[in-house]
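# Understanding the architecture of this molecule
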Amino acid sequence: MADERISPARNETPLERADRNFSELLQELRVTQTGVQILFAFLLTLAFTPRFPDLDSFQRGTYVTTLLLAVLAAALFTAPAALHRSLFQQNAKPTIVRVSSRLAGVGLGVLMPAFAGSVLLVVDVTLGRAAGLTAGGGTLVGCLLLWGLLPRLVGRSVRGNRTPPAPRPSGTVPAPQGRDSVRAPANRLP
């Protein structure tokens, strides 16, 4: 297309970048969806165990809250597929990628307390309230550190080490990135 600009870092058009970004996002969602599905299945089966009627009101509240958070996380992580399907072939890929990325980020934010709540519940039932609160709080702090602080620190490190690309002579196409790349000749006339 005439109005598409080539991204110098990867030699790709905006639509190619959107396709790649959506593919990468779907790979990330496959990892998180598996965890959410396992958590959700675990929580669903708890209500049918013989020990469930013995839970106190705090434990039941933790259970219901955690179950609802897991459902919300699952809905947020599957929403990008529904969004893509509903807007398929409507030239909306960049918007789909942007909205899907936000949905995945919110899903991770909802998944943190769902993980913490499930750990809180299990440890509370097995070892007591103080241990449960400690384990649940530790789980939440661990997720915040790994999912929130670590990406910021790594991003800051990457931005600090980035060297600007060398200027290219006019009319040349940037070399593809990667070890196995083959350099494509420029198709422009001087």
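Structural notes, computed from the coordinates. (Residues numbered from 1 in each chain as written. Predicted model: local features only at pLDDT ≥ 70, side-chain atom pairs only at ≥ 80, totals over all residues. Heavy atoms only, no water.)

### Some remarks on the nonpolar core
Ranked by internal contacts, the top residues of the largest apolar core, which has 25 residues, are Leu 39, Leu 43, Tyr 63, Ala 73, Phe 77 and Leu 111. When residues of this core are traced back to their parent elements, those giving at least two are helix H1 (14–46), helix H2 (57–86) and helix H3 (93–127). Counting residues per element, this core draws most heavily on H1, at 8 residues. If we ignore the near neighbours within four places in the chain, the residues touching Phe 77 are Leu 29, Thr 32, Gln 33, Val 36, Ala 104, Gly 107, Leu 108 and Leu 111. (Core = buried A, V, L, I, M, F, W, Y, C linked by side-chain atoms within 4.5 Å. Buried < 20%, exposed > 50% of the residue type's maximum accessible area, 1.4 Å probe, protein only. Helix = DSSP H or I, 4+ residues; strand = E, 2+ residues; numbered from the N terminus. Contact = heavy atoms within 4.5 Å.)

### Observations regarding the pattern of salt bridges
Here the structure, examined in full by the defined rule, presents 4 salt bridges. Ionic pairing is found between Asp 124 and Arg 129, a salt bridge with its closest N-O pair at 3.0 Å. Since its relative accessible area comes to 6%, Asp 124 is described here as buried. For Arg 129, a relative accessible area of 32% puts it in the partly exposed group. Through salt bridges with shared partners, one network takes in Asp 56, Asp 124 and Arg 129. (Salt bridge = Lys/Arg side-chain N within 4 Å of Asp/Glu carboxyl O.)

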